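Structure assessment
Listed below are the residues making up each chain.
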Amino acid sequence: MQAIGAVFDLNIQDAGLEAGVMTTLGAIDSVHAVPTGLPRIPIHEIRGRRLVGGYRALGDGTAVDVLISRDADDPGFTLVHELGHYLDHHALGSVSGAFASASGELADLFDAIDASDAVQELRDLERRAPVAFPAAAGVLVILDRDDFSYLLEPEELFARSYAQYIAVRSADAALLEDLLAGQGIVYPEQWKDRDFEAVAAAFDQLLEGLGWSGS
Amino acid sequence: MVRIVRDENLSDDERVAAIQEATGVSESKAHRMLAQSRGEAPLSDVLVAEEARVFEVTATQGVAVLSFSGEVSVAEPVPVREDVLVQG
């Protein structure tokens, strides 16, 4: 086993972002380790708000890099989300380069996720879509069915729940602040604290079973 | 896809503020949603290889730019491959 930071080469120029990335990697290390032999990829700094983070891979499953924007409001939480995609793609499941979340191999975790109030509410919104959210001056923000369907994709459910799990179990102040902001969205992109307890317990069991715990 | 309506008389900053007020998302996420509503950013961050052209990377003078947005850059070149997918 190894610290997750050993998997990534940092390509970050902004000192503040670099410090934040190191802190975030440390928060993950406080919760779990990762296996040796994972593909080593860079974390690239990007700018702008049209894409605040990303995990890139090739069609054959090869991991390329993780992107994190210096202009993200929540770079730590976003980074954990993207690293969640990487772990889902290359560290979990029986096939490296395939998303374990979409393979059915994380059944116990997804049983907990699917049973959560947040996911039930997202499914209800998906059924009722399009859904309009009003702002002052009559402006409406309308989310269509595919917006909610996206939030319900297993890869996204895994990455969002992984980010929340790391925030909760590490108790990292910045990650918890980012989580709180995410919990304030009018549709349940993140889980309320009590609603997440069963999901967190399922993550505990998953990581314990993998031998990743106790780093 | 995300749609912003009855916003004809608003500046982009006002649109971002309205998205935040309506949904509770962060400012950066509101910027992203506005870009998505205009087709300037993908609706989904999960892209299959066929959609990789959205994120096609071009490397010039040591700076790689994600083509859908001129403001997005990385510090060092990254491999230029047409079958790159992005998930975020």
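So, here's what we can say about the structure. (Residues numbered from 1 in each chain as written. Chains lettered and ligands numbered in written order. Predicted model: local features only at pLDDT ≥ 70, side-chain atom pairs only at ≥ 80, totals over all residues. Heavy atoms only, no water.)

1. Some details on the environment of phenylalanine 77 of chain A
All names here are of chain A. For clarity, the cut-off: In this description a helix means any DSSP run of H or I spanning at least four residues, a strand means any run of E spanning at least two, and both kinds are numbered starting from the N terminus. Here, residues are in contact when the closest pair of their heavy atoms is within 4.5 Å.
Within the secondary structure, phenylalanine 77 is located in helix 2 (residues 75–90). In sequence terms phenylalanine 77 and alanine 107 are 30 residues apart; their C-alpha atoms lie 25 Å from each other. Residues contacting phenylalanine 77, with those up to four places away along its chain left out, are Ala163, Gln164, Ala167, Leu175, Asp178, Leu179 and Gln190.

2. Side note on helix 6 (residues 154–170) of chain A
Quick note on the threshold: Residue count minus one, scaled by 1.5 Å, sets the expected span of a helix.
Between its first and last C-alpha atoms helix 6 of chain A spans 24 Å; for 17 residues at 1.5 Å apiece the expected length is 24 Å, and the two agree. One or two positions beyond helix 6 of chain A, positive phi appears at alanine 171 of chain A, with a value near 60°.

3. Quick word on the nonpolar core
Short version of the rule: Definition of nonpolar core: a set of buried residues of the types Ala, Val, Leu, Ile, Met, Phe, Trp, Tyr and Cys, connected through side-chain atoms within 4.5 Å. Only protein chains enter the accessibility calculation, which uses a 1.4 Å probe; a residue whose area is less than 20% of its type maximum is buried, one above 50% is exposed, and one in between is partly exposed.
In terms of nonpolar packing, the biggest core is built from 79 residues, with Phe148 and Tyr187 of chain A touching the most fellow members. If we ignore the near neighbours within four places in the chain, the residues touching tyrosine 187 of chain A are Leu125, Phe133, Leu143, Phe148 and Leu151 of chain A together with Thr23, Val25 and Met33 of chain B.

4. Some thoughts on the pairing of strand 5 (residues 131–134) of chain A
Residue and element names in this part refer to chain A. We count it as follows: Strand pairing requires that DSSP identify at least two bridges connecting the strands.
Because side chains alternate across strand 5, one face comprises the buried residues Val131 and Phe133, and the other comprises Ala132 and Pro134, none of which is buried. Where strand 5 lies against strand 6 (residues 140–143), 4 bridges are found, and the strand directions are antiparallel. The residue of strand 6 that forms the bridge with phenylalanine 133 is valine 141. Between the antiparallel neighbours strand 5 and strand 6 lie 5 residues, among them alanine 137 with a positive phi of about 65°.

5. Digging into the sheet that holds strand 5 of chain A
Formally: Only the contacting stretch of a helix is used when fitting its axis, a line to C-alpha atoms as for every element, and angles between N-to-C directions run 0 to 180 degrees.
Here 3 strands make up an open sheet; going across it, the order is 5(A)-6(A)-1(B) and the pairing antiparallel. In this open sheet, the two strands that pair with only one neighbour each are strand 5 of chain A together with strand 1 (3–5) of chain B. Strand-to-strand twist of the sheet, defined as the mean angle between neighbouring strand axes without regard to direction, takes the value 25°. With 3 bridges joining them, strand 6 of chain A and strand 1 of chain B adopt antiparallel strand pairing. If you follow valine 141 of chain A over to strand 1 of chain B, its bridge partner there is isoleucine 4 of chain B. Those strands touched by helix 1 (residues 12–23) of chain B are strand 5 and strand 6 of chain A together with strand 1 of chain B, and its axis lies near 65° from that of strand 6 of chain A.

6. Considering the pattern of salt bridges
Between side chains of opposite charge, pairing is possible as soon as their charged atoms come close. Heads up, the rule is: Salt bridge, as used here, is a side-chain nitrogen of Lys or Arg placed within 4 Å of a carboxyl oxygen of Asp or Glu.
Under the criterion given, the structure shown has 12 salt bridges over all chains. With a closest N to O distance of 3.6 Å, aspartate 114 of chain A and arginine 123 of chain A form a salt bridge. By relative accessible area, aspartate 114 of chain A is classed as partly exposed at 27%. For aspartate 12 of chain B, the salt bridge goes to arginine 38 of chain B, with nearest N and O atoms at 2.5 Å. Placement of the pair is aspartate 12 of chain B in helix 1 and arginine 38 of chain B in the loop between helix 2 (27–37) and strand 2 (57–60), with a sequence separation of 26 residues. A relative accessible area of 35% places aspartate 12 of chain B in the partly exposed class. When salt bridges that share partners are traced, they join Asp7, Asp12, Arg15 and Arg38 of chain B into one network.

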